[in-house]
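Listed below, chain by chain, are the residues.
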Amino acid sequence: SSGINAEYGGMLEDLTGGGSQKYLAHQLALLYQSLTALPTALNDHRTKTEELFHLVKAELEQYSILSVDTVGTLIEFLNSLRKYTLETVADNSTTQLFTDAIKC
């Protein structure tokens, strides 16, 4: 559970300039692993995480930096995942996973 909070916060920091983009593919892989432990209601987000992993990995391998469009897509996805989890998942223990991320 703390893995999701750590990856979410770390990814936002890396995307917005406070960190390094070179670890984003790894962070997406960890986020994906964390999502597999959550309810099946998040299957679409798992699928999107996997798609973004391949996109990020390819861009970083080719250009060593992400395009503005990809950064925007990742930020939008992370915010969507947080919003969906907070608004839809009724299990308080699952919702708690994202509490720290809201404070960022």
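None of these values were measured; they are calculated from a predicted model.

(A) Quick look at the overall build of the protein. Counting its regular elements, the protein contains 6 helices and 0 strands. What you see in the protein, going N to C, is helices and strands ordered as α-α-α-α-α-α. Within the span of the protein, comprising 104 residues, buried residues form 40% of the whole. Carbon together with sulfur atoms contributes 51% to the accessible area of the protein, which is approximately 5900 Å² in total.

(B) Seen up close, the nonpolar core. Core analysis: the biggest nonpolar cluster contains 18 residues, and L15, L31, V56, L66 and L74 have the highest contact counts within it. Elements that contribute at least two residues to this core include exactly helix 1 (2–15), helix 2 (24–35), helix 3 (43–63) and helix 4 (68–88). When near neighbours in sequence (up to four residues on either side) are disregarded, L66 contacts L15, Q21, L24, V56, E59, L60, V71 and L74.

(C) Summary view of the environment of Q33. Take Q33: it is sitting in helix 2. The class of Q33 is exposed, set by a relative accessible area of 52%. Separated by 13 residues in the primary sequence, Q33 and R46 place their C-alpha atoms 8.7 Å from one another.

The rules we used
All chains use their own residue numbering, which begins from 1 and follows the written sequence. Given that this is a predicted model, residues contribute local features only at a pLDDT of at least 70 and side-chain atom pairs are listed and counted only at 80 or more, while totals for whole chains, interfaces and linings are drawn from all residues. No hydrogens and no water enter the side-chain calculation; it runs on all heavy atoms of the structure. Where helices and strands are cited, they refer to DSSP runs of H or I of at least four residues and of E of at least two residues respectively, numbered from the N terminus. Using a 1.4 Å probe on the protein chains alone, a residue whose accessible area is under 20% of its type maximum counts as buried, one over 50% counts as exposed, and one in between counts as partly exposed. Working definition of accessibility: Shrake-Rupley area with a 1.4 Å probe, residue cover restricted to the visible protein chains. Here the nonpolar core consists of buried residues drawn from Ala, Val, Leu, Ile, Met, Phe, Trp, Tyr and Cys, with membership extended through side-chain atoms lying within 4.5 Å. Residue contacts follow a heavy-atom distance rule, with two residues in contact if any of their heavy atoms lie within 4.5 Å.

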